[in-house]
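One letter stands for each residue in the lines below.
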Amino acid sequence: MYWIVDAMNVIGSRPDGWWRDRQRAMTDLVARLEAWTQTTEADVTVVFERQPVPPIPTARVTIAHAPRARANAADDEIVRLVEAHASPASVCVVTSDRELATRVRALGASVEPASRFRATIDAAG
């Protein structure tokens, strides 16, 4: 299974003060994803609204971002990744955004709610 993670949707699924330090929240998410991939061998791409600065080091997680800042830009990038995948039916998008979920399901991908996925990766880390 190829996982595409709507980063800010997962980060925002828990009101833990992430908004005080977005870069730290982004780095923490990538670290949790790395820990999870080590136990599952999952192939994961995490999509941010903007490029992390400084870059987040990772050996197992692909980091993507919207090409330019605008409303729903990360969602559009996630849809583009699903469309570009050779087998959209083997893609699971992690999001709780209803519109995005509808768009990727129409392409054949499955959807995992952000809060459920957050609980899964938290348990792995």
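Above this text you will find the structure in question.
Here goes a summary of the coordinates provided. Please read these numbers as outputs of a predicted model, since none were measured by experiment.

## Describing helix 5 (residues 114-124)
Those residues of helix 5 not exposed but buried are Ala114, Phe117, Arg118 and Ile121. On an axial view of helix 5, the arc spanned by its buried residues comes to 105°, and they lie on one face. The secondary structure elements touched by the buried residues of helix 5 are strand 1 (2-6), helix 1 (7-11), helix 2 (22-40), strand 4 (91-94) and strand 5 (110-112).

## Remarks on the side chain of arginine 118
In this fold, arginine 118 is placed in helix 5. You can call arginine 118 buried: its relative accessible area is 7%. Looking at arginine 118, its side chain comes within polar contact range of the main-chain oxygen of valine 10, at 3.5 Å. Once residues within four sequence positions are removed from consideration, arginine 118 is found in contact with Val10, Ile11, Ser13, Arg14, Asp16 and Arg32.

## Here we look at the nonpolar core
Within the largest apolar cluster, 24 residues are counted, with the highest numbers of intra-cluster contacts made by Leu29, Leu33, Val46, Phe48 and Phe117. The set of elements that each furnish at least two residues to this core consists of strand 1, helix 1, helix 2, strand 2 (43-48), strand 4 and helix 5. Every residue in contact with leucine 29, bar those within four places of it in the chain, is listed here: Ala7, Val10, Ile11, Val46, Phe48 and Ile121. Formed by 16 residues, the second largest nonpolar core is a distinct cluster that contains Leu81, Val82, Val93 and Ala101.

## Notes on the sheet that holds strand 4
Taken in spatial order, the five strands line up as 3-2-1-4-5 in an open sheet, and their pairing is parallel. At either end of the open sheet lies a strand with only one pairing partner, and these are strand 3 (61-65) and strand 5. Neighbour-to-neighbour, the strand axes of this sheet turn through a mean angle of 25°, independent of strand direction. Sheet topology note: the strand 4/strand 5 ladder contains three bridges and is parallel. Its bridge partner being in strand 5, cysteine 92 is matched across the sheet by serine 110. Along the sheet face, helix 2 touches strand 1, strand 2 and strand 3 and points at about 170° away from the line of strand 2.

## Section: helix 4 (residues 98-106)
Residues Leu100, Ala101 and Val104 constitute the buried set of helix 4. Buried residues of helix 4 fall within an arc of 100° about the axis and therefore sit on the same side. Exposed residues lying more than 90 degrees from the buried face of helix 4 are Arg98, Glu99, Thr102 and Ala106. Two or three places before glutamate 99, at the opening of helix 4, aspartate 97 has a side-chain oxygen 3.0 Å from that residue's backbone nitrogen. Glycine 108 sits one or two positions beyond helix 4 and adopts a positive phi of about 105°.

## Quick look at the packing of helix 3 (residues 73-84) against helix 4
For the pair helix 3 and helix 4, interaxial distance at closest approach is 10 Å and the crossing angle is 15°. Taken together, helix 3 and helix 4 sit at an angle that is classed as roughly parallel. Here the hand of the crossing between helix 3 and helix 4 comes out right-handed. Contact with helix 3, carried on its side by Asp75, Asp76, Ile78, Val79 and Val82, involves Leu100, Arg103 and Val104 of helix 4 and no other residues of that element.

Conventions and cut-offs
- Residues numbered from 1 in each chain as written.
- Predicted model: local features only at pLDDT ≥ 70, side-chain atom pairs only at ≥ 80, totals over all residues.
- Heavy atoms only, no water.
- Buried < 20%, exposed > 50% of the residue type's maximum accessible area, 1.4 Å probe, protein only.
- Helix = DSSP H or I, 4+ residues; strand = E, 2+ residues; numbered from the N terminus.
- Arc of directions from axis to C-beta.
- Contact = heavy atoms within 4.5 Å.
- Polar contact = N/O pair within 3.5 Å; in protein donor to acceptor, adjacent residues only side chain to side chain.
- Core = buried A, V, L, I, M, F, W, Y, C linked by side-chain atoms within 4.5 Å.
- Pairing = 2+ DSSP bridges.
- Axes fitted to C-alpha atoms, helices over the stretch in contact; angles between N-to-C directions.
- Parallel < 35°, antiparallel > 145°, perpendicular 65-115°, else oblique.
- Left-handed = near helix turned anticlockwise from the far one by under 90°.

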